[in-house]
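Structure assessment
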Amino acid sequence: MEGLYHQTNKQVHEVQSYMGRLETSDKESVHLVENEIQARIDNIFSNLERLEILSSKEPPSKRQNAKLRVDQLKYDVQHLQTALRNFQHRRYIREQQERQREELLARTFTTNDSDTTIPIDETLQFNESLQNAHRGMDDLIGSGTNILQGLRDQRVTLKGTHKKILDVANMLGLSNTVMRLIEKRALQDKYFMIGGMILTCVIMFLVVQYLT
């Protein structure tokens, strides 16, 4: 694994140096440099797939460190891939603007032209579409944030409701115990009352018998 790791790390540094040549390349050679960089990046990604497999086979004591090193290489090459795509996008916009400018300058107008309307700049439309896409992504991210916040609030509410349910359940359990004690005490009082009435009747009967 060490040999492949050092080879891949060297390729990453080579791509970084190639990226510096993009800004200084002329129109004829810039495409060749872009293709060369993309080929090297693809090769690095292929090596990273092998490194991920090899790192998972490392001894447990070295596995975590090996994965961290591979992840760092992956982060570096992803950053380079993004930088290349951004450069290609800027180059495309610049070339499109230059082409449209040349077409506009080459066009001649006369007073008898039936169509003297200058075409809408497609670059402006493209930029507007990009801005709309960015706004859409911002709205989507905002909606996702609001949804997550709502879920967190619902979670807190559900926790509070669950606690209240447990409290009510405990109160109901206590009430049931109290009711059972009251019913038991009422039954005992009923027996005491009946016993007292019988005892009173017996005492009255004995008193009457004694007096007569």
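A quick note: this is a predicted structure, and the numbers were derived from the prediction, not measured.

Notes on the overall build of the protein
Of regular secondary structure, the protein possesses four helices and zero strands. Order of helices (α) and strands (β) in the protein, N terminus to C terminus: α-α-α-α. Of the contacts formed within the protein by residues at least 6 apart in sequence, a portion of 68% connects residues at least 24 apart. For the protein, the computed accessible surface area is about 16,700 Å², with 59% contributed by carbon and sulfur atoms.

Brief notes about the pattern of salt bridges
Per the stated rule, a full pass over the model turns up six salt bridges. Between R91 and E34 there is a salt bridge, with the nearest N and O atoms lying 2.8 Å from each other. Of this pair, R91 sits in helix α3 (residues 60–106) while E34 sits in helix α2 (residues 30–56), placing them 57 residues apart in sequence. In this structure, R91 and E34 share a single accessibility class: buried. Members of the salt-bridge network, linked through shared partners, are E14, E36 and R40.

Details of the packing of helix α1 (residues 2–22) against α3
At a minimum axis distance of 11 Å, the contact between α1 and α3 shows a crossing angle of 20°. With respect to α3, the element α1 is oriented roughly parallel. Once α1 is placed against α3, the crossing between them reads as left-handed. Between α1, through E2, Y5, H6, T8, N9, V12, V15, Q16, M19 and L22, and α3, the contact on the second element is made entirely by R69, L73, D76, L80, A83, L84 and F87.

Description of the side chain of E34
When its relative accessible area of 4% is taken as the criterion, E34 is described as buried. Filtering out sequence-adjacent residues up to four positions away, E34 remains in contact with L22, L84, F87, Q88 and R91.

Description of a nonpolar patch on the surface
Side chains of L187, Y191, M193, I194, M197, I198, V202, F205 and L206 sit close together on the surface and give an oily, nonpolar patch of about 930 Å² of accessible area. Among the structural elements, Y191 can be located in helix α4 (residues 122–211).

What about the nonpolar core?
V15, M19, L22, I37, I41, L48 and L51 are the most contacted members of the largest nonpolar core, which has 20 residues in total. Contributions of two or more residues to this core are made by α1, α2 and α3. With sequence-adjacent residues up to four places away left out, L22 is seen in contact with V30, V33, E34, I37, L84 and F87.

Conventions adopted
- Residues numbered from 1 in each chain as written.
- Predicted model: local features only at pLDDT ≥ 70, side-chain atom pairs only at ≥ 80, totals over all residues.
- Heavy atoms only, no water.
- Helix = DSSP H or I, 4+ residues; strand = E, 2+ residues; numbered from the N terminus.
- Contact = heavy atoms within 4.5 Å.
- Areas by Shrake-Rupley, 256 points an atom, 1.4 Å probe, with all protein chains shown as cover.
- Salt bridge = Lys/Arg side-chain N within 4 Å of Asp/Glu carboxyl O.
- Buried < 20%, exposed > 50% of the residue type's maximum accessible area, 1.4 Å probe, protein only.
- Axes fitted to C-alpha atoms, helices over the stretch in contact; angles between N-to-C directions.
- Parallel < 35°, antiparallel > 145°, perpendicular 65-115°, else oblique.
- Left-handed = near helix turned anticlockwise from the far one by under 90°.
- Patch = residues over 30% accessible without salt bridge, like charges linked within 9 Å, V, L, I, M, F, W, Y side chains within 5 Å.
- Core = buried A, V, L, I, M, F, W, Y, C linked by side-chain atoms within 4.5 Å.

Everything listed here is a matter of coordinates, which is why it stays silent on function.
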